[in-house]
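# Architecture and fold: a report
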Amino acid sequence: MNKWKKQLSKLKLFNFAALTIAGMINAFGVTIFLMPVKLYDSGISGTSMLLSQLTPDWLSLPVFLILLNIPLFLYGLKKQGIAFSIYAIYVVAIYSLGAWLITDVLPVDVTMISPLAGSDLLLCALFGGMISGVGSGLAIRYGGAMDGVEVLAIIFAKRLGMTVGTFVMLYNVVLYICCGIAIHSWILPLYSIVTYAAALKTIDFVVEGIDRSKAAFIVTTKPDLVCESLSEEFSCGMTIMGAKGYYSDEEKTVVYIVINRFQVGRMKEITHDIDKKAYITISEIADVYSYNQK
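Since we're looking at a predicted model, the values are computed, not measured.

## A short note on the overall build of the protein
From N to C terminus, the protein includes twelve helices and four strands. Rg of the C-alpha trace for the protein: 24 Å, well past the compact-globule value of 19 Å for 294 residues, more than 25% over. On the principal axes, the C-alpha backbone points of the protein span a range of 75 × 50 × 40 Å. Here the protein holds 294 residues, and the buried ones make up 42% of them. Within the protein, contacts between residues separated by at least 24 positions form 72% of all contacts whose residues are at least 6 apart in sequence. Charge separation in the protein, taken as the distance between the mean sites of 23 positive and 22 negative side-chain charges, equals 9 Å.

Shown next, in the form of structure tokens:
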């Protein structure tokens, strides 16, 4: 109980505001671009879209979003924590409300074709995927989730001997196969894969940032000169670690530095001017966190 109280105290009003925007963005992408031409979103959202097509009109997309997502978030309460569950249920409720407003209240005709992209399936798939991806990415970034299938993945993926990403992908493959069987056509499910790909890439951009930082490991025998020159050039900190060459049996030093992609070329130039034999590896990193004690 004390653990839950601690988590509840960390709920932020700003996060709820961001999740409100996320839910509305997701509703816009799905109802304006995907639903009118009967393309399918991924996960529980896509499942809800399919079920709303196969059942009576009163069982609409917002109804299935609530019925399918909320039990999953509550089921994953112990794994994910109460704060995540509250954020997730809230953003799904906003998504459902937004979808209902667009389809049933606002004077927008989304029954036959997209109001913005017409009946062009490729445009609808790309823009529907990207816009819903922005909504889903914002939901993840601010502590929630737009889709309960991720909770299922976290709970069952390890038991099935697969990663969370693989579980979600397999779920969507099965979903699109079911869509093809249900509507007796494979054109719309195949275009829905384009939607899924566009959404997935957009989520990465929103959650991790478009311009990722670069982490460089520099193996050198002249660490002091290298660090001094790089610090002077980039005004950033570095970490040094002792190392030893396996073949040369020579004592060396590993310098670890985080820079942006525009600084990579200059970093290599400075390092090799000082130590022509320096060995450099560069990898992409999504987020950088630091703690500055005042």
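And the narrative resumes.
## Let's talk about the sheet that holds strand 4 (residues 279-285)
In spatial order, the strands read 2-3-1-4; together these four strands make up an open sheet with antiparallel pairing. Because the sheet does not close on itself, it has two edges, and the strands there are strand 2 (239-244) and strand 4. Taking the axes of each pair of neighbouring strands and ignoring which way they run, one obtains an average angle of 20° across the sheet. Here seven bridges tie strand 1 (residues 213-220) to strand 3 (residues 251-259), and the two strands are oriented antiparallel to one another.

## Observations concerning the packing of aromatic side chains
In total, this model carries eight aromatic pairs according to the counting rule given. The interplanar angle of 65° and the centroid separation of 5.7 Å between the aromatic rings of F14 and Y142 together place this pair among those described as edge-to-face. In this pair, F14 is assigned in helix 2 (residues 13-34) and Y142 in the loop between helix 7 (121-141) and helix 8 (149-156), connecting sequence segments 128 residues apart. Exposure remark for Y142: the relative accessible area of 22% places this residue in the partly exposed category.

## A short note on the layout of surface pockets
Within this model, the largest pocket holds a volume of roughly 570 Å³. Around the largest pocket, the lining is made up of 28 residues, and of these I140, E150, V168, L200 and I203 lie nearest the centre. Of all the elements, helix 10 (residues 187-208) adds the most residues to the lining of the largest pocket, at seven residues. Its residues placed into classes, the lining of the largest pocket shows 14 nonpolar, nine polar and five charged. Each pocket or cavity is described by its volume, and for the second largest pocket that value is around 450 Å³. Lining the second largest pocket are 18 residues, with M35, S52, S60, T103 and V110 sitting closest to its centre. At the level of elements, helix 3 (43-54), helix 4 (61-75) and helix 6 (82-105) are the ones that each hand at least two residues to the lining of the second largest pocket. With three residues, the single largest contributor to the lining of the second largest pocket is helix 3.

## What to know about the pairing of strand 3
Of the pairings in the sheet, the one linking strand 2 to strand 3 comprises six bridges and is antiparallel in character. Note that in strand 3 the partner of I240 across the bridge is V255. Linkage of strand 2 to strand 3, two consecutive antiparallel strands, is achieved through a turn of six residues, within which D249 is found at a positive phi near 60°.

## Comments concerning the state of the cysteines
Under the definition given, this model contains zero disulfides. Left without a disulfide partner, C178 is nearest to the cysteine sulfur of C179, which lies 7.1 Å away. C236 supplies the cysteine sulfur nearest to C227, a cysteine that is in no disulfide, at a spacing of 9.6 Å. Looking at C227, the relative accessible area reads 16%, which means it is buried.

## A closer look at the environment of Y171
Position of Y171 among the secondary structure elements: in helix 9 (residues 164-183). Taking relative accessible area as the criterion, Y171 reaches 23% and is therefore assigned partly exposed. Spatially, the C-alpha atoms of Y171 and G43 are 7.0 Å apart, while their sequence positions differ by 128 residues.

## Here's the deal with the nonpolar core
Core analysis: the largest hydrophobic core is formed by 48 residues, its most contacted members being L39, F73 and V91. Mapped onto this core, the elements with two or more residues apiece are helix 2, helix 3, helix 4, helix 6, helix 7, helix 8, helix 9 and helix 10. In terms of residue count, helix 6 provides more of this core than any other element does, eight residues in total. The contact partners of F73, leaving out residues within four places of it in the chain, are F84, S85, A88, I89, V92, A145, D147, G148 and V151.

## Observations concerning helix 11 (residues 223-234)
Helix length check: helix 11, at twelve residues, gives a terminal C-alpha distance of 16 Å against a target of 16 Å (1.5 Å per residue), a fit within 8%. Buried residues in helix 11 make contact with strand 1, strand 2, strand 3 and helix 12 (264-274). The first or second residue beyond helix 11 is S235, which carries a positive phi of 55°.

## Things to note about the confidence of the model for the protein
Overall, the predicted model of the protein reaches an average pLDDT of 88, with 95% of residues at or above 70. When pLDDT is averaged over each helix and strand of the protein, the minimum, 70, is found for helix 1 (residues 2-9) and the maximum, 95, for helix 2.

The rules behind each value
- Residues numbered from 1 in each chain as written.
- Predicted model: local features only at pLDDT ≥ 70, side-chain atom pairs only at ≥ 80, totals over all residues.
- Heavy atoms only, no water.
- Helix = DSSP H or I, 4+ residues; strand = E, 2+ residues; numbered from the N terminus.
- Rg over C-alpha atoms; globule rule 2.2 N^0.38 Å.
- Buried < 20%, exposed > 50% of the residue type's maximum accessible area, 1.4 Å probe, protein only.
- Contact = heavy atoms within 4.5 Å.
- Lys, Arg positive; Asp, Glu negative; His and termini not counted.
- Charge placed at Lys NZ, Arg CZ, Asp CG, Glu CD.
- Pairing = 2+ DSSP bridges.
- Axes fitted to C-alpha atoms, helices over the stretch in contact; angles between N-to-C directions.
- Phe/Tyr/Trp six-rings, centres within 6.5 Å; stacked < 30°, edge-to-face > 60°.
- 1 Å grid on protein atoms, 1.4 Å probe; cavity = no way out; pocket = protein on both sides within 12 Å on 5 of 7 lines; lining within 4 Å.
- Points joined across faces, edges and corners; volume = space filled by probe spheres on them.
- Nonpolar A, V, L, I, M, F, W, Y, C, P; charged D, E, K, R; others polar.
- Disulfide = S-S within 2.5 Å.
- Core = buried A, V, L, I, M, F, W, Y, C linked by side-chain atoms within 4.5 Å.
- Expected span 1.5 Å × (residues − 1).
- pLDDT = per-residue confidence, 0-100.

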